[in-house]
Amino acid sequence: MTLRSAPAPASASVPPLALRARATGGSPVRDILAVTARPEVINFAGGLPAPELFDREGVAAAFRHVLEKTPGRALQYATTEGEPALRELLARRTAARGLPTDADDLLVTTGSQQALSLLATALLDPGDTVLVEDPCYLAALQVFGLAGARVVAVPGDADGPDPEALADLVVRERPKLLYTVPTFQNPTGRTLPAERRAALASVAARHGLWIVEDDPYGELRYEGERVPWIAAHPDAGDRTVLLGSFSKVMAPGLRLGWLRAPAELRRACAVAKQAADLHTPTVNQLAAARYLAVSDLDAHVARVAAVYRERRDAMLAGLPRALPEGSVWNRPEGGMFLWARLPETHDTGALLPRVVQEDVAYVPGAPFHAGPPDRSTLRLCFVTQTPEEIGEGLRRLGRGLRGAV
């Protein structure tokens, strides 16, 4: 009798990805950067600081110091909340800008993007509602989508979210938070005036709402007067989370950010961070603290801002010849981005492939909208290229737009 072995069982499929992972797409900006990575492309799509302006010597000296003087500490685990020396220096900088802050009010994060993720973990349950600006920072939409939140755009105007519309939405939707980039916003470059900030703070106080105030660009001011943070408004002190970052003023590769929040929420974010990465890299924190202690970061930022202003002006000067007749755009007082709207018959997403053939790129405006998109809009980053490169990029952009319609 011949014994036959049983057929090998068929390989079963592994369980599917989480619904939130399947439902949340990648970043359109990252996708565009991957397609346009060729060195000949003049890329207005990214939000990258100009690398030639990094204080390479100052940062290198700070790292050398901590690795030579305190290598055991620099290369060791650290506390979740962040290195005390760095938190103390950050607290002083924050207080000097009009918001009394102690070191214990701060949690150091691995970039301010992580701060957003920690807040989503600490505040949001699946199905909760989040209110956002329209248009809104793309990576924030990703964070809230991955948290399973329902994202609703607040109608607004050139000054930002409309306070009456916000109040109506709070009553109707019962959201957990409003997310805003009030100074030199990504993507529009706009800045909310003081009166609008006060009105938003008043709505949050009357109706019970967290405000997440993201401020990665605020120090990059080229003209005009600084507008105080929403977090400094009396109505908002107990319900505003302020996010900060070194990415735009020191170097994004350091991945150093922070959040300032009321005690209970800050503790919840610290617990979430313990589950994410235990703590932000110790050597980076100590190097940043050393840099702040011995270098003049404000003077460095002033030098960077002066160069960025020239580049903004170069873009503003070239736009009338590059964009179709009837286009409009803003004049940001600082930051990194400019927002343009073409005549309504233009779809900037559909036009992009033809423009890329001219070796230039932008970001279509549609993905920045949580609600119905405005497909005639686009975002341009003006800080990464020199004025000469900007001029050539705009000439290419004009050729691409003319050839695509």
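Residues numbered from 1 in each chain as written. Predicted model: local features only at pLDDT ≥ 70, side-chain atom pairs only at ≥ 80, totals over all residues. Heavy atoms only, no water.

**With respect to the layout of surface pockets**
- In this structure, the largest pocket encloses a volume near 640 Å³.
- As for the largest pocket, its lining consists of 29 residues, of which Arg30, Gly47, Gln113, Tyr137 and Lys248 are closest to the centre.
- Mapped onto the lining of the largest pocket, the elements with two or more residues apiece are helix H2 (28–35), helix H6 (111–123) and helix H7 (138–146).
- For the lining of the largest pocket, the class distribution of residues is 15 nonpolar, nine polar and five charged. (1 Å grid on protein atoms, 1.4 Å probe; cavity = no way out; pocket = protein on both sides within 12 Å on 5 of 7 lines; lining within 4 Å. Points joined across faces, edges and corners; volume = space filled by probe spheres on them. Helix = DSSP H or I, 4+ residues; strand = E, 2+ residues; numbered from the N terminus. Nonpolar A, V, L, I, M, F, W, Y, C, P; charged D, E, K, R; others polar.)

**Section: the sheet that holds strand E2 (residues 106–109)**
- In spatial order, the strands read E2-E10-E9-E8-E7-E3-E4; together these seven strands make up an open sheet with mixed pairing. Every interior strand has two partners, whereas the edge strands, E2 and strand E4 (150–153), have only one. Between one strand axis and the next, the sheet turns through 20 degrees on average, direction left out of account.
- Seen against the sheet, helix H8 (residues 163–173) touches strand E3 (129–132), E4 and strand E7 (177–180) and runs at an angle of roughly 170 degrees to E3. (Pairing = 2+ DSSP bridges. Axes fitted to C-alpha atoms, helices over the stretch in contact; angles between N-to-C directions. Contact = heavy atoms within 4.5 Å.)

**Observations concerning the pairing of strand E8 (residues 210–214)**
- With respect to burial, E8 is a largely interior element, four of its five residues being buried.
- In this sheet, E8 lies alongside E7 in parallel orientation, the contact comprising four bridges. Across the sheet, residue tyrosine 179 finds its bridge partner in E8, namely valine 212.
- What joins E7 to E8 is helix H9 (residues 194–207), and the crossover it makes is right-handed.
- Pairing geometry for E8 and strand E9 (residues 240–245), over four bridges, is parallel. Opposite isoleucine 211, over in E9, you have threonine 240 as the bridge partner. (Buried < 20%, exposed > 50% of the residue type's maximum accessible area, 1.4 Å probe, protein only. Right-handed = clockwise from strand over helix to strand, strands pointing away.)

**Quick notes on the environment of tryptophan 339**
- The topology assignment puts tryptophan 339 in strand E12 (residues 337–341).
- With relative accessibility at 9%, the residue tryptophan 339 sits in the buried group.
- If sequence neighbours within four positions are ignored, tryptophan 339 has contacts with Pro135, Pro187, Thr188, Val328, Trp329, Asn330, Gly365, Phe368, His369, Thr377, Leu378 and Arg379.

**Here we look at the packing of aromatic side chains**
- Inspection of every chain in the model, using the stated rule, returns five aromatic pairs.
- Centroid distance tyrosine 222 to phenylalanine 382: 6.4 Å. Interplanar angle 70 degrees. Geometry classified as edge-to-face. Residue tyrosine 222 is located in the loop between E8 and E9, and its partner phenylalanine 382 is located in the loop between strand E15 (377–381) and helix H14 (387–404); the two are separated by 160 residues in the primary sequence.
- Here tyrosine 222 falls in the buried class, since its relative accessible area comes to 8%.
- Among the residues examined, phenylalanine 382 registers a relative accessible area of 0% and is labelled buried.
- Between tryptophan 339 and phenylalanine 368 the ring centres are 6.0 Å apart and the planes differ by 85 degrees, which places this aromatic pair in the edge-to-face class. Note that tryptophan 339 is positioned in strand E12 and phenylalanine 368 in the loop between strand E14 (363–364) and E15, a separation of 29 residues in sequence.
- A cation sits over an aromatic face here: arginine 226 above tryptophan 229, 4.6 Å from the ring centre. (Phe/Tyr/Trp six-rings, centres within 6.5 Å; stacked < 30°, edge-to-face > 60°. Lys NZ or Arg CZ within 6 Å of the ring centre and 35° of its normal.)

**A short note on the side chain of threonine 191**
- Within the element layout of this structure, threonine 191 appears in the loop between E7 and H9.
- In this view, threonine 191 contacts Pro182, Thr183, Phe184, Arg197, Arg221 and Val227; residues no more than four positions away in its chain are not counted.

**Section: the pairing of E7**
- Alternating residues of E7 divide into Leu177 and Tyr179 and Leu178 and Thr180, and every residue in both groups is buried.
- In this sheet, E7 lies alongside E3 in parallel orientation, the contact comprising three bridges. Each bridged residue has a counterpart across the sheet, and for valine 130 the counterpart in E7 is leucine 177.

**Points about unusual backbone geometry**
- For the bond running from aspartate 134 to proline 135, omega is 0 degrees, close enough to zero to count as cis.
- Mapped onto the elements of the fold, proline 135 is located in the loop between E3 and H7.
- For the bond from asparagine 186 to proline 187, the omega torsion is 25 degrees, close enough to zero to count as cis.
- Even without being a glycine, arginine 174 presents a positive backbone phi close to 50 degrees.
- Among the secondary structure elements, arginine 174 is positioned in the loop between H8 and E7.
- With phi around 50 degrees, arginine 255 is a residue other than glycine that occupies positive phi space.
- Its location among the elements puts arginine 255 in the loop between E9 and strand E10 (257–260).
- Accessibility expressed as a relative area gives 33% for arginine 255, which makes it partly exposed.

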